[in-house]
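Structure assessment
Each chain, letter by letter, is given below.
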Amino acid sequence: MGFPVKWHKWVYGILSFARSSVLVNGSPTFEFQFHKGMRQGDPLAPLLFIIVMEALSVMFNKATEAGVIHGVEMGNDRLSLSHMLYVDDCVILGEWVEDNLINVARVLHIFNLCSGLNIHLGKSNLYGIGICDAEISNMAARINCGASSFPSNRLGIPIGANMNRFVNWNFLFDIFEARLARWKAISLYMAVADLGVLQRVKGEIGDGREIRFWLDSWISNDPLKVWFHTLFRLDKQKKVVVADFFDNATGRFNGPGYWANMAASMVEQSERDELFRLLQNVTLHERKDNWMWVGGKDKTFTMRAMKGLMISDRDFSDRYVFDWCKWVSNKCNIFVWRGIMERIPTMSALQTRNYMFGDPRCVLCWEESETAQHIFCECGVAAEVWQAVKEWCRTTPFMVFEIKDLMEFHE
């Protein structure tokens, strides 16, 4: 394909002198040398793969030009489309003719002989448009590949389905729900843990298979590990659920196996007695466990109650409420609002985000750090600008000490 000899040596050196080992029970074995192929994750792999697949594409183009393979003609120019490649997937298009299909299989066999890459026809499927299933099965048997029909999935997307129907988009909703579920399980748990929301969620015992015995609040407003920290420290299974400590035969809580032995200290025995007294009237039921929100007046979780919890410890006594001006564009309102909040990308603001662009001083006066407060109010050039605005508008003299003063002046 026209690559120089030096490039060939580079690739040969990478493939020939690489060494690796296998982890067996976490311990690496002796190193061995590769003689062909590449390791998983090798950055050279996609480049070499593209080169090889380019050869396959050229072979199909040559076969189409020679009239051996007849692709699908499209458009006014009758463009012939014989194949489409995407990463390691290949879609071959053509007329429904037996000789055409056999010639495609021959091209793939030649590609196997030239490159050493075997095309697994058993994992390939043959589709026919406007063809009965029996004929598709007979034609697939000629080249030993699978037979399928539309609608089908291609890279996770349904092909041949009526996408005007809402039901055919369910696959997309399922993907998003699965990914969001994993994201919520990780991110939401971290968020509620920081906000103390877990202390405001209490479990209502059902079958005891979802509520954790030590870590969740269920028999009191606090987890049992808070009140019985000695027993919690001794228990090796910290995440055990309530049902694991309940004996269905006796209808009472027995706890872990080591509780049957004599306590090692008076503190441990005291906590055992107190815990048994607390659990003596607790029984399990056939229904599932339920969760209650105890952070509000009722037991129903609402976003309003959640918001109140998030801002309950904040002080808004000095909060400035920005009133949008209706006779200027939204762009101006947003810019001034960002200036009040110090959200304009000044040199000082960029430095707080670890972006360094040289001298942080104001480029107008070269005296102070460039902040939104300095540019609009403290800079000498800004004072001259406001003086010019006063003369142009013929207003009374005014002084600007903060950006908020500009919002009050126009009124």
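Quick caveat: nothing in here was measured; it's all calculated off a predicted structure.

Broken down by element type, the protein carries 14 helices and 16 strands. Sorting the 411 residues of the protein into buried and exposed places 26% on the buried side. Contacts spanning at least 24 positions in sequence make up 46% of the contacts within the protein whose residues lie at least 6 apart. Roughly 29900 Å² of accessible area belongs to the protein as shown, and the carbon and sulfur atoms make up 57% of that amount.

Attention now goes to helix 2 (residues 45-65). Compared with an ideal rise of 1.5 Å per residue, which puts 21 residues at 30 Å, helix 2 spans 30 Å between its outermost C-alpha atoms and is within 8% of the ideal. Among the residues of helix 2, Leu48, Met53, Leu56, Ser57, Met59, Phe60 and Ala63 are the ones counted as buried. Of the surrounding secondary structure, the elements contacted by the buried residues of helix 2 are helix 1 (5-16), strand 7 (83-86), strand 8 (89-92) and helix 3 (98-115). Count one or two residues on from helix 2 and you reach Gly67, which has phi positive near 80 degrees.

For the structure shown, the criterion picks out 4 salt bridges. Arg272 serves as the salt-bridge partner of Glu268, at 2.8 Å between the closest nitrogen and oxygen. Here Glu268 pairs with Arg272, and both are found in helix 8 (residues 266-279), just 4 residues apart, close to one helical turn. Across the pair, exposure class does not vary: Glu268 and Arg272 are buried alike. With a closest N to O distance of 2.7 Å, Glu274 and Arg277 form a salt bridge. Of the two residues, Glu274 and Arg277 both sit in helix 8, 3 residues apart, roughly one turn of that helix.

In this structure, Leu231 sits in helix 7 (residues 229-234). Between the alpha carbons of Leu231 and Val267 there is a distance of 9.3 Å; along the sequence they are 36 residues apart.

For the structure on display, the rule yields 4 aromatic pairs. Summarising the aromatic geometry, the rings of Phe213 and Trp214 are spaced 4.9 Å apart at their centres and angled 85 degrees between planes, so their arrangement reads as edge-to-face. Trp214 shares its class with Phe213; the two are buried. The structure contains a cluster of three or more aromatic residues connected by ring pairs, namely Phe213, Trp214, Trp218, Phe232 and Phe245. Over the face of the ring belonging to Phe232 we find Lys238, whose NZ or CZ atom lies 4.6 Å from the ring centre.

Let us look at the nonpolar core. Within soluble globular proteins, side chains that are nonpolar tend to cluster in buried spots. The biggest cluster of nonpolar side chains holds 20 residues, and the ones touching the most others in it are Phe213, Trp214, Trp218, Leu224, Val242, Phe253 and Leu275. Of all the elements in the fold, those that place two or more residues in this core are helix 7 and helix 8. Among residues more than four places away in sequence, those in contact with Phe253 are Phe213, Trp218, Val242, Phe245, Phe246, Phe276, Leu279 and Val282. The next biggest cluster of nonpolar side chains, apart from the first, holds 10 residues, and it includes Met53, Leu56, Val104 and Val107.

To continue, consider the environment of His374. Residue position: His374 is located in helix 12 (residues 372-378). The exposure class assigned to His374 is buried, which follows from its relative accessible area of 2%. Setting aside residues up to four positions removed in sequence, His374 forms contacts with Cys362, Cys365, Glu368, Ser369 and Cys379.

Taking 1.5 Å as the rise per residue, helix 3 with 18 residues should run 26 Å; its terminal C-alpha atoms sit 26 Å apart, in good agreement. Along helix 3, the residues classified as buried are Asn100, Leu101, Asn103, Val104, Val107, Leu108, Phe111 and Asn112. Against the buried residues of helix 3 lie helix 2, strand 8, strand 9 (125-126) and helix 4 (133-142). Once helix 3 finishes, Gly116 follows within two positions and takes phi at roughly 85 degrees, a positive value.

Scoring rules and cut-offs
- Residues numbered from 1 in each chain as written.
- Predicted model: local features only at pLDDT ≥ 70, side-chain atom pairs only at ≥ 80, totals over all residues.
- Heavy atoms only, no water.
- Helix = DSSP H or I, 4+ residues; strand = E, 2+ residues; numbered from the N terminus.
- Buried < 20%, exposed > 50% of the residue type's maximum accessible area, 1.4 Å probe, protein only.
- Contact = heavy atoms within 4.5 Å.
- Areas by Shrake-Rupley, 256 points an atom, 1.4 Å probe, with all protein chains shown as cover.
- Expected span 1.5 Å × (residues − 1).
- Salt bridge = Lys/Arg side-chain N within 4 Å of Asp/Glu carboxyl O.
- Phe/Tyr/Trp six-rings, centres within 6.5 Å; stacked < 30°, edge-to-face > 60°.
- Lys NZ or Arg CZ within 6 Å of the ring centre and 35° of its normal.
- Core = buried A, V, L, I, M, F, W, Y, C linked by side-chain atoms within 4.5 Å.

Distances and angles like these do not, on their own, reveal function.
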